[in-house]
Each structure stands twice: as structure tokens, then as C-alpha cells.
Amino acid sequence: MKFKYAFNLGRVFTLSLAELFAVFENMRLNFRLVDLYREVLIIETEERLDAVKLQKLLGGTIKIMQVIDSLGRKARLTPSLVFKDYFDAKQLKEQFLANYSGKIQIGISYYPLANPSELPIRGDNKRLGFAIKQILTAAGYSVRLVLPQMGGLALPSVVVTNEHLLEKGAEMAFLVGQERVYLAKTLIVQNFEDYGRRDYQRPARDMNVGMLPPKVAQVMINLAQLPMGTTNLKHAVLDPFVGAGTVIQEALIMGYKGIGSDISPKSIENAEKNLEWIKNRYKLPPGRFELMVTDAKHLAENLPKLEIDAVVTEATLGPAYSTVPKQDVIDKNFKELGDIYTGTFKSLRQILPAGKKVVIAIPAYRTAAGYQYFPGVDNLLKLGYDVVTPLPEIVTEKYGFLQVTPRQTIIYDRKEQFVSREIFIFKTI
Ligand SMILES: C[S@@+](CC[C@H](N)C(=O)[O-])C[C@H]1O[C@@H](n2cnc3c(N)ncnc32)[C@H](O)[C@@H]1O
């Protein structure tokens with residue numbers, strides 16, 4: 001038996017996709033890539049996936065859907081026309097609706113699998129939604145339709161959660177390509193409330209240091225491909241620039257042990273407070289994390305003798321800027337950071353055996369002429385590292401919209417930021 005699943009990827013979709021590929025490889029999942037367009041990946045597998053478990057693990061995936069069927073689409077045919085005589089009440093009940101006796105809530109979302117301006121989809125979700133509602137109403141059901149607002153195409157996960165669509169009805173998703181429309185059912189959405197708590201309710205937040213969003217920390221841990229599904233305390237993630245502890249917090253939630261160090265005693269104090277809070281909130285057993293004050297350049301001398309499975313870190317990024325920094329400022333920052341990174345990589349190489357991953361975010365400056373990247377990577381490679389491609393090259397070649405840089409990194413940033421994060425996956429050789 002074959003199963004098809006669709007993944008709704010986050011805003012920085014290349015990073016979300018890289019995370020999925022890393023996780024699939026780590027869980028040894030055999031899959032075929034069926035289709036991919038920016039925020040949607042469709043795969044086919046021979047095994048049923050535990051969507052709830054998978055969703056918890058993924059920082060970069062917003063929804064997981066199961067593809068129920070697909071129909072061919074002739075040019076200019078809207079999805080509502082493609083599915084005109086497709087549905088009946090019995091099948092809707094059996095294939096989509098949750099077992100719920102009150103008023104049914106049905107959400108309709110469209111996801112384009114090609115440039116949306118080339119697809120006849122604007123406003124069509126409304127038409128299709130009303131047709132489905134009519135079928136169910138005629139069969140005696142009481143139905144409320146939930147549609148994206150302001151002419152949008154898909155419902156945000158917040159709406160799916162707040163409207164209880166998965167408990168009281170369904171979210172039906174139509175993944176619309178040039179020649180085919182896939183019909184899917186949302187199985188689970190990302191728990192945005194929990195990520196919010198993990199970010200904003202932590203007791204120690206230092207706005208001067210800049211904290212990594214927990215989702216991104218989780219993606220970076222997944223890119224490191226630690227052994228999965230284990231609470232084996234031998235598997236430890238090290239963050240040598242621990243700051244407020246975001247990476248370690250996510251590692252703990254994922255069942256790993258965490259070791260954090262930082263040059264600043266204040267950061268270690270903050271991380272300690274945050275990780276104690278996480279430990280209590282997630283009812284984690286004691287003894288899962290260790291923290292220490294040390295300069296990352298001198299880690300090798302100071303680290304307890306523990307087996308480290310991966311290094312995952314947002315290295316010190318240098319100052320934040322509210323306008324584009326001048327070239328001499330950028331050069332000066334890169335020079336200073338280069339000394340810290342080289343020292344750190346030298347030290348890490350003494351701790352890590354061959355074949356271990358170092359997933360690290362470093363700054364890239366966004367200027368009018370494009371991104372300015374850290375120029376000292378070759379010095380790091382000379383110390384005994386390779387760069388690992390975040391996605392198979394065959395995928396990046398085929399899907400030209402993916403944003404992997406020529407040096408095999410992925411940029412994570414927001415429009416208003418001038419210091420972006422460039423995410424590298426290194427491997428010790
Ligand atoms: C960008 S912050 C990391 C933030 C962290 N990812 C978080 O979410 O809280 C960088 C941290 O690196 C630390 N740092 C700067 N230079 C360092 C060095 N040479 N060795 C170790 N830590 C250093 C700073 O004290 C700061 O806490």
C-alpha cells in the first residue's frame with residue numbers, strides 16, 4: 001500500500017525542506033518526491049507516518065496533510081470545476097469528517113503547486129467550499145464553512161486550531177498544480193501556542209543578546225541528525241554560545257542531553273533559569289543539562305569528558321544594526337568574529353571525532369548589493385571540516401526557486417533585519 005503526504009512548509013521554506021529531508025533520512029524513510037512548490041512538499045511512502053509524532057519534532061513544518069486522491073486538470077479548469085461531481089455526503093463523512101455530533105466546521109484551503117498567478121484559483125476556494133457545504137446540508141448536517149480571510153488561499157494553523165476544525169469537522173486542502181489537483185486532509189498543525197510559550201514565557205530574556213526562535217533551534221538540531229527516538233543520556237548536543245539557552249532547551253524537549261557554555265556569566269545565569277523552567281514545564285528528569293562559563297576558543301580544556309553527538313549553535317553574531325552597516329564596519333566585524341570562530345572550530349575539532357556535525361548560524365549582512373557573507377570559511381575547513389549540502393543537489397537543481405546559497409548554506413532572516421543568519425552544516429573529517 002502507498003501513502004501520500006503533504007507538508008506545508010514555513011516561511012523560510014528552503015530551511016523547512018532541508019529539515020524534512022534530514023529527518024526523513026534519519027528515520028530511514030523511503031519516499032518518492034511527488035511534487036514541490038515553495039510552501040508545499042508532497043511525498044509518497046510505503047509506510048504510514050505518525051503525523052502527530054512527526055509534527056512535534058519539526059520546527060519548520062506548519063501542517064501535515066494526507067493526500068486522499070488526485071484528479072487531472074485541463075487548462076483553465078478551476079479546482080471547483082475539476083471536483084464538480086466528485087463529492088457525496090457519505091464519502092465526505094467517511095474520508096474527512098471527525099466523529100463529532102454538533103455543528104460541523106469545515107475549512108477549505110488551497111495551496112498552489114505552481115506560480116499562483118498562472119492558476120485559476122483566486123476566489124475559487126469559496127465556490128468549492130459552498131458546494132461541499134450544500135452537499136452536507138442536503139444530507140441533513142449542520143455545517144459552518146471556514147474560509148481564509150481577505151481573499152487568502154489557505155487557512156493559517158492558528159485558525160485551524162482556534163476553530164477546532166480537526167475535532168469538529170475537517171480542513172480540506174486542495175493542492176493545485178498545472179495538470180493535477182491533489183485532495184488532502186489536514187492531520188495535524190504546528191502547536192503555535194507551545195512555541196510561543198517556549199519563546200516568550202521564559203523567565204530570562206535578554207533583548208541585547210538576540211535570541212534564536214525556538215522553531216529555528218529545533219530545525220538546526222534536526223539538521224544535525226542525532227540518533228532518534230532515544231532518551232539515552234549519552235547523546236548530547238553542545239552549544240558553545242549558549243546565550244539564553246534556546247538550542248539546549250529544544251534539545252532537552254527532543255529527549256537529548258544538553259551542554260551549554262558561554263563566555264558571559266550573565267548568559268549562563270539566564271540559561272540556567274530558562275532551562276530549569278523548561279525542565280519543570282515539560283516534566284523532564286533531572287541531570288539532563290550542564291552549563292559552564294568558558295570562552296568557546298578554550299572549550300577543549302574546560303569541557304567535561306562527555307561524548308558529544310553534535311554541536312548546534314548560534315554563534316555570536318556581533319552587533320545588531322537598524323540600518324545597513326558600512327563596508328568598513330562589516331569588514332571589522334567579520335575580522336573579529338573570524339578570530340572567535342577559528343578558535344572555536346580548532347577547539348571543537350579536539351573534542352569531536354570524525355563524522356560529527358556542527359550546525360552553526362553566523363551573520364550575513366544584507367546590503368543593497370545583496371548578502372555579504374563571512375569570508376573566513378576556508379580557514380575553518382582547513383581545521384578538519386567539510387561543508388554538508390543541506391539538500392540533495394538533484395533537488396536544488398530541479399526546483400530553481402529553492403534558496404540554497406552557492407556555498408551550500410541557507411539564510412534565515414526577516415525583511416526588517418540587516419543582520420541575517422547564515423546556517424551552515426559542517427562535518428568533522
Ligand atoms: C547570539 S548569542 C546566542 C543566543 C542564543 N542562541 C539564544 O537563543 O539565547 C551569542 C552568545 O555568544 C556569547 N559569546 C560571545 N563570544 C563568545 C566566546 N568567545 N565564547 C563563548 N561565548 C561567547 C555571548 O555572550 C552570547 O551569549
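Rules behind the numbers
Residues numbered from 1 in each chain as written. Predicted model: local features only at pLDDT ≥ 70, side-chain atom pairs only at ≥ 80, totals over all residues. Helix = DSSP H or I, 4+ residues; strand = E, 2+ residues; numbered from the N terminus. Rg over C-alpha atoms; globule rule 2.2 N^0.38 Å. Buried ≥ 20, exposed ≤ 12 C-beta atoms within 10 Å, placed from the backbone. Contact = placed C-beta atoms within 7 Å. Core = buried A, V, L, I, M, F, W, Y, C linked by C-beta atoms within 7 Å. Domains from an automatic or database assignment. Axes fitted to C-alpha atoms, helices over the stretch in contact; angles between N-to-C directions. Parallel < 35°, antiparallel > 145°, perpendicular 65-115°, else oblique. Left-handed = near helix turned anticlockwise from the far one by under 90°. Nonpolar A, V, L, I, M, F, W, Y, C, P; charged D, E, K, R; others polar. Near = placed C-beta within 6 Å. Pairing = 2+ DSSP bridges.

Quick word on the overall build of the chain
Turning to step 1, where the next piece is worked out: The secondary structure content of the chain amounts to 15 helices and 17 strands.
Turning to step 2, where the next piece is worked out: The C-alpha atoms of the chain give 23 Å as radius of gyration, which agrees with the globular expectation for 429 residues (22 Å, within 12%).
Turning to step 3, where the next piece is worked out: Along the longest, intermediate and shortest principal axes, the C-alpha atoms of the chain span 75 × 50 × 40 Å.
Turning to step 4, where the next piece is worked out: Taking all 429 residues of the chain together, the buried fraction comes to 42%.
Turning to step 5, where the next piece is worked out: In the chain, the share of contacts with a sequence separation of at least 24, taken over all contacts with a separation of at least 6, comes to 76%.

With respect to the nonpolar core
Turning to step 1, where the next piece is worked out: Counting residues in each nonpolar core, the largest one holds 117 residues, and the members touching the most others are Ala-6, Leu-41, Leu-175, Met-220, Val-237 and Val-359.
Turning to step 2, where the next piece is worked out: Split by domain, the residues of this core number at least three in each of domain 1 (3-190) and domain 2 (193-428).
Turning to step 3, where the next piece is worked out: Not counting chain neighbours up to four residues away, the residues in contact with Met-220 comprise Val-247, Val-312, Val-359 and Ile-423.

Some points on helix H9 (residues 214-223)
Turning to step 1, where the next piece is worked out: Of all ten residues in H9, ten are buried; the element is thus mostly enclosed.
Turning to step 2, where the next piece is worked out: Among the residues of H9, Pro-214, Lys-215, Val-216, Ala-217, Gln-218, Val-219, Met-220, Ile-221, Asn-222 and Leu-223 are the ones counted as buried.
Turning to step 3, where the next piece is worked out: Phi turns positive one or two residues past the end of H9, at Gln-225, with a value near 50°.

Side note on unusual backbone geometry
Turning to step 1, where the next piece is worked out: Unlike most non-glycine residues, Arg-28 shows phi in positive territory, near 55°.
Turning to step 2, where the next piece is worked out: Its location among the elements puts Arg-28 in the loop between helix H1 (13-26) and strand S2 (31-37).
Turning to step 3, where the next piece is worked out: Look at His-164: it is not a glycine, yet its phi comes out positive at around 55°.

A word on the packing of helix H10 (residues 246-253) against helix H11 (residues 265-281)
Turning to step 1, where the next piece is worked out: It is the contact of H10 with H11, at a shortest axis distance of 10 Å, that shows an interaxial angle of 20°. The orientation of H10 with respect to H11, classified from their angle, is roughly parallel. Crossing hand, H10 versus H11: right-handed. Contact residues: H10 offers Ile-248, Gln-249, Leu-252 and Ile-253, while H11 offers Ala-271, Asn-274, Leu-275 and Ile-278.
Turning to step 2, where the next piece is worked out: A class-by-class count of the residues in the contact of H10 with H11 yields six nonpolar, two polar and no charged.

Considerations on the packing of H1 against H9
Turning to step 1, where the next piece is worked out: Axis separation between H1 and H9 bottoms out at 8 Å; the angle between their running directions is 40°. Between H1 and H9, the angle is such that the two are oblique. Considering how the two elements wind past one another, H1 and H9 form a crossing that is left-handed. When H1 is examined against H9, the residues Leu-15, Ala-18, Glu-19, Ala-22 and Val-23 are found in contact with a partner set consisting of Val-219, Asn-222 and Leu-223.
Turning to step 2, where the next piece is worked out: Taken together, the residues of the contact of H1 with H9 break down into six nonpolar, one polar and one charged.

Some details on the site of the ligand
Turning to step 1, where the next piece is worked out: Close to the ligand lie 21 residues, the nearest being Phe-241, Gly-243, Ala-244, Thr-246 and Ala-296.
Turning to step 2, where the next piece is worked out: Within the shell around the ligand, the residues separate by chemical class into eleven nonpolar, six polar and four charged.

Description of the domain arrangement of the chain
How big an interface is tends to be stated in terms of accessible area lost as the parts join.
Turning to step 1, where the next piece is worked out: Once the domains are mapped, the chain shows domain 1 (3-190) and domain 2 (193-428).
Turning to step 2, where the next piece is worked out: Measuring from the centre of the C-alpha atoms in domain 1 to the corresponding centre in domain 2 gives 33 Å.
Turning to step 3, where the next piece is worked out: Listed as interface residues are 17 residues of domain 1 and, on the opposing side, 19 residues of domain 2.
Turning to step 4, where the next piece is worked out: Of all the elements, H1 adds the most residues to the side of domain 1 that touches domain 2, at ten residues.
Turning to step 5, where the next piece is worked out: Here the side of domain 1 that touches domain 2 is built from residues that sort into ten nonpolar, four polar and three charged.

Details of the sheet that holds strand S1 (residues 3-9)
Turning to step 1, where the next piece is worked out: Strand order in the open sheet made by the eight strands is S2-S3-S1-S4-S8-S7-S5-S6, with mixed pairing throughout. Of all strands in the sheet, those with a lone pairing partner are S2 and strand S6 (143-146), marking the two edges. Across this sheet, the average inter-strand angle for adjacent strands is 30°, counted without regard to direction.
Turning to step 2, where the next piece is worked out: Relative to strand S4 (residues 61-72), S1 runs antiparallel, the two sharing six bridges. In the sheet register, Tyr-5 faces S4, and the bridge partner there is Gln-66.
Turning to step 3, where the next piece is worked out: Helix-sheet contacts for H1 involve S1, S2, strand S3 (40-45) and S4, and the interaxial angle to S1 is about 140°.
Turning to step 4, where the next piece is worked out: Here helix H5 (residues 124-138) sits on the sheet and contacts strand S5 (104-112), S6 and strand S7 (169-176); the angle it forms with S5, its principal contact strand, is near 150°.

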